[in-house]
Amino acid sequence: MDNRVEVMTFSQLKKIVEELGTNNAINDNTKVFIDTGWDSVQEVEPNAFHVEEVIEFKVQDELTKDFYVGYSLTEKAERMQAQGQTETAVIIRNLY
């Protein structure tokens, strides 16, 4: 059995941004952060959004033997033993 996390689509992102635009507490100067579960939130830099190619990979949990599905940038696909068709994705590159 493959375990997958639902991946947001661009259409869903556009709808969320549209809905956020109707929130009176949000304006053009409202900052954007990512909550990674640590004590602080992570800043999203203005040039963080990119269009890149990704490919699916699977990894097996050694204890349960369940498979988990993830995605890798194509440049890292060989290391992740990714297989299948590449697809275009919006990537938030937040490296610092």
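For the structure itself, consult the block above.
Below is a summary of the structure that appears in this document. Here the structure is a predicted model, which means the values were calculated and not measured.

1. A short note on the overall build of the chain
- When helices and strands are counted, the chain shows one helix and six strands.
- From first element to last, N terminus to C terminus, the chain shows the α and β order β-α-β-β-β-β-β.
- Here the C-alpha atoms of the chain give a radius of gyration of 17 Å, more than 25% beyond the 12 Å that 2.2 N^0.38 yields for 96 residues.
- Taken across its 96 residues, the chain has 14% of its residues classed as buried.
- As displayed, the chain offers around 8,500 Å² of accessible surface, 53% of which is attributable to carbon and sulfur atoms.
- The average position of the 9 basic charges and that of the 18 acidic charges among the side chains of the chain differ by 2 Å.

2. Looking at the sheet that holds strand β4 (residues 49-60)
- Sheet architecture is open: four strands sit in the order β1-β5-β4-β6, paired in mixed fashion. Strands with a single pairing partner mark the edges of an open sheet, and in this sheet they are β1 (2-3) and β6 (87-92).
- Sheet topology places β4 next to β6; six bridges connect them, and they run antiparallel. Looking at β6, one finds that V54 is bridged to E87.

3. Focus on a nonpolar patch on the surface
- A cluster of nonpolar side chains, namely F10, F49, V51, V90 and I92, defines an oily patch on the protein surface of about 500 Å² accessible area.
- When contributions to the nonpolar patch are tallied by element, the ones reaching two or more residues are β4 and β6.
- Here F49 is to be found in strand β4.
- F49 sits in the partly exposed class, given a relative accessible area of 47%.

4. A closer look at the pattern of salt bridges
- Following the criterion strictly, the structure yields two salt bridges and no others.
- Across the pair E56 and R4 runs a salt bridge, and its minimum N-O distance is 2.9 Å. Here the residue E56 occupies a position in strand β4, and R4 occupies one in the loop between β1 and α1 (10-20), the gap between them amounting to 52 residues.
- In this structure, the salt-bridge partner of R93 is E52, at a minimum N-O distance of 2.8 Å. Taken as a pair, R93 in the segment after β6 and E52 in strand β4 lie far apart in primary sequence, 41 residues in all.
- E52 gets classed as buried once you look at its relative accessible area, which sits at 15%.

5. A closer look at the environment of G84
- Following the sequence through the fold, G84 ends up in the loop between β5 (67-73) and β6.
- A relative accessible area of 55% places G84 in the exposed class.
- C-alpha of G84 to C-alpha of I26: the two residues are 58 residues apart in sequence and 41 Å apart in space.

6. Observations regarding the side chain of E52
- Within the structure, the side chain of E52 is placed 2.8 Å from the side chain of R93, a separation counted as a polar contact.
- In this structure E52 touches L73, E75, E87, T88, A89, I91 and R93, once residues within four positions along its chain are discounted.

7. What to know about unusual backbone geometry
- The backbone of K65 sits at a positive phi, close to 70°, despite the residue not being glycine.
- Relative to the helices and strands, K65 resides in the loop between β4 and β5.

Analysis parameters
- Residues numbered from 1 in each chain as written.
- Predicted model: local features only at pLDDT ≥ 70, side-chain atom pairs only at ≥ 80, totals over all residues.
- Heavy atoms only, no water.
- Helix = DSSP H or I, 4+ residues; strand = E, 2+ residues; numbered from the N terminus.
- Rg over C-alpha atoms; globule rule 2.2 N^0.38 Å.
- Buried < 20%, exposed > 50% of the residue type's maximum accessible area, 1.4 Å probe, protein only.
- Areas by Shrake-Rupley, 256 points an atom, 1.4 Å probe, with all protein chains shown as cover.
- Lys, Arg positive; Asp, Glu negative; His and termini not counted.
- Charge placed at Lys NZ, Arg CZ, Asp CG, Glu CD.
- Pairing = 2+ DSSP bridges.
- Patch = residues over 30% accessible without salt bridge, like charges linked within 9 Å, V, L, I, M, F, W, Y side chains within 5 Å.
- Salt bridge = Lys/Arg side-chain N within 4 Å of Asp/Glu carboxyl O.
- Polar contact = N/O pair within 3.5 Å; in protein donor to acceptor, adjacent residues only side chain to side chain.
- Contact = heavy atoms within 4.5 Å.

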